[in-house]
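Now for the letters of each chain:
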Amino acid sequence: GRKTMIEVEKLKDIIDESGMTMVAIARKCNMSRETLYRKISGRSEFTASEIIRLTGVLDLSKRERDEIFLSQ
């Protein structure tokens, strides 16, 4: 089963809409592309600091951030 409760599809949609590549997003978040893919796929969890960086990089509202990363 999935360890993380992130809303993967919503996150992927926002990444697509951002116009940035996964490589660019990963670089801005100080992680490798492989790490970003692993976290998005739920094989590893985002840390609080990574969520904060990703929120800034993708210009997420607090609501979007909470819907993606804190969804139950």
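Please refer to the structure higher up on the page.
Heads up: these notes are all about the structure in this document.

Definitions and cut-offs
The residue count restarts for each chain, going from 1 along the sequence in the order it is written. Since the coordinates come from a predicted model, pLDDT governs what is reported: local features require at least 70, and pairs of side-chain atoms require 80 or more to be given and counted, while whole-chain, interface and lining totals use all residues. With hydrogens and water excluded, all non-hydrogen atoms of the structure serve as input to the side-chain values. Secondary structure elements are defined from DSSP: runs of H or I of at least 4 residues count as helices, runs of E of at least 2 residues count as strands, and each element is numbered from the N terminus. Each radius of gyration reported is based on C-alpha atoms, and the globular scaling rule is 2.2 Å times the count of residues to the power 0.38. When checking whether two residues touch, look at their non-hydrogen atoms; a contact exists if any pair is within 4.5 Å. Accessible surface is estimated by sampling points in the Shrake-Rupley manner with a 1.4 Å probe; for residues, cover comes only from the protein chains shown. Neither His nor the chain termini are counted; the positive set is Lys and Arg, and the negative set is Asp and Glu. By convention, the point assigned to a charge is CZ for Arg, NZ for Lys, CD for Glu and CG for Asp. Definition used in this section: a nonpolar core is a set of buried Ala, Val, Leu, Ile, Met, Phe, Trp, Tyr and Cys residues joined via side-chain atoms within 4.5 Å. Exposure classes here rest on a 1.4 Å probe applied to the protein chains alone. A residue is buried below 20% of its type maximum, exposed above 50%, and partly exposed in between. Distance and chemistry together define a polar contact, namely a pair of N or O atoms within 3.5 Å, with one atom able to donate a hydrogen and the other to accept it when in protein, and with adjacent residues in sequence counting only for side-chain atoms on both sides.

## Here's the deal with the overall build of the protein
Helix and strand counts for the protein come out as 5 helices and 0 strands. Against the 2.2 N^0.38 benchmark of 11 Å for 72 residues, the protein shows a C-alpha radius of gyration of 11 Å, consistent with a compact globule. With the C-alpha coordinates of the protein rotated into their principal frame, the extents come out at 30 × 25 × 20 Å. The contacts of the protein with a sequence gap of at least 6 include a subset with a gap of at least 24, amounting to 59%. Looking at the protein as shown, the accessible area adds up to about 4,600 Å², and 48% of this sits on carbon and sulfur atoms. Here the protein carries 14 positive and 12 negative side-chain charges, and the mean point of each set is 6 Å from the other.

## Quick notes on the nonpolar core
Within the largest apolar cluster, 20 residues are counted, with the highest numbers of intra-cluster contacts made by Leu-11 and Phe-46. Mapped by element, the contributors of at least two residues to this core are helix H1 (8-18), helix H2 (22-28), helix H3 (33-40), helix H4 (48-57) and helix H5 (62-69). The biggest single contributor to this core is H1, with 4 residues. With residues near it in sequence (within four places) discarded, Phe-46 still touches Ile-6, Leu-11, Leu-36, Lys-39, Ile-40, Ile-51, Leu-54 and Phe-69.

## What about the environment of Lys-10?
Within the element layout of this structure, Lys-10 appears in helix H1. With residues near it in sequence (within four places) discarded, Lys-10 still touches Glu-67 and Ile-68.

## Brief notes about the environment of Lys-39
Positionally, Lys-39 belongs in helix H3. Put simply, Lys-39 and Ile-6 are 33 residues apart on the chain and 9.4 Å apart in space, counted from C-alpha to C-alpha. With residues up to four places along the chain from it excluded, the contact list for Lys-39 reads Ile-6, Met-31, Ser-44, Glu-45, Phe-46 and Glu-50. At 2.7 Å, the side chain of Lys-39 and the backbone oxygen of Glu-45 are in polar contact.

## Observations concerning unusual backbone geometry
The phi dihedral of Asn-30 is positive, around 60°, even though this residue is not glycine. In this structure, Asp-59 is a non-glycine residue whose phi angle is positive, near 55°. By the secondary structure assignment, Asp-59 is in the loop between H4 and H5.

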